[in-house]
Amino acid sequence: MSVESVVLTGDRTTGPLHLGHYVGSLRNRVGLQETHRQFLLLADAQALTDNADDPAKVTRNVIEVTLDYLAVGIDPGKTTICVQSCLPALCELTMLFLNFVTVARLERNPTVKEEIRIRGFERDVPAGFLCYPAAQAADITAFKAGLVPVGDDQLPMIEQTNEIVRRINRQAGGAVLVEARALTSNVGRLPGVDGKGKMSKSQGNAITLSASADDIRAAVRSMYTDPNHLRVADPGQVEGNVVFTYLDAFDDDKAALAELKAQYRHGGLGDTAIKRRLEEKLQALLAPIRERRRQLADDQAHVREVLRKGTETADALTRTTLAEVKTALGLFSFSRS
Ligand code: TRP
């Protein structure tokens, strides 16, 4: 097996997944399970680092995100799905890792910096939040993952993980942990339907994977296009036009799409027409996902069993890595003298 044969990725369980997750990474994961040993981590402990006032929401969404995974085609026979807060070895590894990263380095992490700004934490940033990149390094390395399919915003996490890996390996005098590589999607980050920043549930500009047909229709109708494209005959702008950005992500007929873009730029193609095309694509994509999700939601016992089994497998694996790291660092053990 190649170094990159193990894939791990995770999602904070703060809300249902949306189209941004789908194009950014979920779609990749459905393919990766055919060729790789894949783990998906329901990152409820990480979700608590900025949701300590609402643990119930974090817990509820463990099931919701699992339903999203299964509905898009993640097969628990091929992918191990596990619950972060039920894997104590991850906490222990995190504690060890925190000694191999400085507070200054944690404060410099661009993603954490941006998240602190957005959440308005400023001086009141929870310690757990500042440290979550070290916990994420524990997630990735505990599974010996070589490949991490994530959105661009997670690149600083992989970089920081690899710094910690190198520090520990140097200290241990051998390659006890493996470095990981991020796998980003070739379609960039999906913007929100309002065109303001990336798609995000908290910004209210998302289309969730469980959206109803009416929700989808309303979201597409409200989509930001070119504000200067007032009449059908006017030339329109394709760049920054959310409808075209989505068509790039969801319309496989690239030749037809190129023609539409040319026509739109030239003038003579209305927003209603391009929105209708996009709506068709999204309805066709999401209808079967929604139906599968509804069926699965009726069988909670099955979903819980998938999680129990996956977490059991992950527990054994992460405990092994933890033991290897402790041994490599020369920590006290009753089974050695
Ligand atoms: N930080 C990731 C996010 O916000 C979630 C996550 C937790 C993760 N642990 C991980 C991603 C390990 C990749 C690998 O989406």
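Residues numbered from 1 in each chain as written. Predicted model: local features only at pLDDT ≥ 70, side-chain atom pairs only at ≥ 80, totals over all residues. Heavy atoms only, no water.

Engineer: Now, about the side chain of glutamine 38: what can you tell me, with residues and values included?
Structural biologist: Locating glutamine 38 in the fold gives a position in strand E2 (residues 37-43). Here glutamine 38 falls in the buried class, since its relative accessible area comes to 0%. In this structure the side chain of glutamine 38 is engaged in a polar contact, spanning 3.1 Å, whose partner is the side chain of threonine 79. Not counting chain neighbours up to four residues away, the residues in contact with glutamine 38 comprise Val7, Arg29, Leu32, Gln33, Ile74, Lys78, Thr79 and Thr80. (Helix = DSSP H or I, 4+ residues; strand = E, 2+ residues; numbered from the N terminus. Buried < 20%, exposed > 50% of the residue type's maximum accessible area, 1.4 Å probe, protein only. Polar contact = N/O pair within 3.5 Å; in protein donor to acceptor, adjacent residues only side chain to side chain. Contact = heavy atoms within 4.5 Å.)

Engineer: Describe the site of the ligand, naming the residues involved and giving the relevant values.
Structural biologist: Taken together, the neighbourhood of the ligand is formed by Leu8, Thr9, Gly10, Arg12, Ala43, Gln46, Gln136, Asp139, Ile140, Val148, Val150 and Gln154. For the ligand, a nitrogen atom lies 2.8 Å from a polar atom in the side chain of aspartate 139. Between the ligand and the protein, one listed contact pairs a nitrogen atom with a side-chain N or O atom of glutamine 154 at 3.0 Å. Summarising the interface, the protein chains cover 90% of the accessible area of the ligand, which totals 370 Å² for the free molecule. Counting only elements with at least two residues in the shell around the ligand, the list comes to strand E1 (6-12) and helix H8 (132-142). A total of four residues in the shell around the ligand trace back to one element, the largest contributor, which is E1. For the shell around the ligand, the residue count by class is five nonpolar, five polar and two charged. (Near = heavy atom within 4 Å. Areas by Shrake-Rupley, 256 points an atom, 1.4 Å probe, with all protein chains shown as cover. Nonpolar A, V, L, I, M, F, W, Y, C, P; charged D, E, K, R; others polar.)

Engineer: Please provide a residue-by-residue account of the nonpolar core, values included.
Structural biologist: Counting residues in hydrophobic clusters, the biggest one holds 49 residues, and the most contacted among them are Leu19, Tyr69, Ile207, Leu209, Met223, Tyr246 and Phe250. The greatest single-element share of this core, amounting to eight residues, is contributed by helix H3 (residues 55-72). With residues up to four places along the chain from it excluded, the contact list for tyrosine 246 reads Leu190, Pro191, Gly192, Val193, Met199, Ile207, Met223, Asp251 and Leu278. Judged by nonpolar contacts, the second largest core, of 41 residues, contains Val6, Phe97, Val101 and Val112. (Core = buried A, V, L, I, M, F, W, Y, C linked by side-chain atoms within 4.5 Å.)

Engineer: Residue-level account of the pairing of strand E3 (residues 79-83), with values.
Structural biologist: Most of E3 is tucked away, with five of its five residues classed as buried. Across the two faces of E3 the burial is the same, with Thr79, Ile81 and Val83 and Thr80 and Cys82 all buried. As paired strands, E2 and E3 are joined by five bridges and run parallel to one another. Following the sheet pairing, leucine 40 is matched in E3 by isoleucine 81. (Pairing = 2+ DSSP bridges.)

Engineer: So what's going on with the pattern of salt bridges? Which residues, and what values?
Structural biologist: Under the counting rule described, the total for this entry stands at 24 salt bridges. With a shortest N-O distance of 3.2 Å, glutamate 279 and arginine 217 are connected by a salt bridge. In this pair, glutamate 279 is assigned in helix H13 (residues 271-297) and arginine 217 in helix H10 (residues 213-221), connecting sequence segments 62 residues apart. Glutamate 279 gets classed as buried once you look at its relative accessible area, which sits at 14%. Residues joined in a network through salt bridges with shared partners are Arg12, Asp50, Glu115 and Arg119. (Salt bridge = Lys/Arg side-chain N within 4 Å of Asp/Glu carboxyl O.)

Engineer: Can you lay out H3 for me, pointing to particular residues and giving the numbers?
Structural biologist: For H3, spanning 18 residues, the distance from its first C-alpha to its last is 26 Å, which sits close to the expected 26 Å at 1.5 Å a residue. By the largest-angle criterion, asparagine 61 marks the main kink of H3, which is about 30°. Trailing H3 by a residue or two, glycine 73 shows a phi angle of about 115°, which is positive. (Expected span 1.5 Å × (residues − 1). Bend = angle between axes of the 7 residues up to and from the residue.)

Engineer: Outline the packing of aromatic side chains, supporting the account with residue identities and numerical values.
Structural biologist: Across all of its chains, the model carries six aromatic pairs by this definition. Each ring, one from phenylalanine 244 and one from tyrosine 264, has its centre 4.9 Å from the other, and the planes form 70°; the classification is edge-to-face. In this pair, phenylalanine 244 sits in helix H11 (residues 242-250) while tyrosine 264 sits in helix H12 (residues 254-266), placing the two residues 20 residues apart along the sequence. Across the pair, tyrosine 264 and phenylalanine 244 agree in class, each one buried. Through successive ring pairs, a cluster of aromatic residues spans Phe121, Phe129 and Tyr132. Residue placement shows arginine 12 over the ring face of tyrosine 132; its charged tip is 4.6 Å from the ring centre. (Phe/Tyr/Trp six-rings, centres within 6.5 Å; stacked < 30°, edge-to-face > 60°. Lys NZ or Arg CZ within 6 Å of the ring centre and 35° of its normal.)

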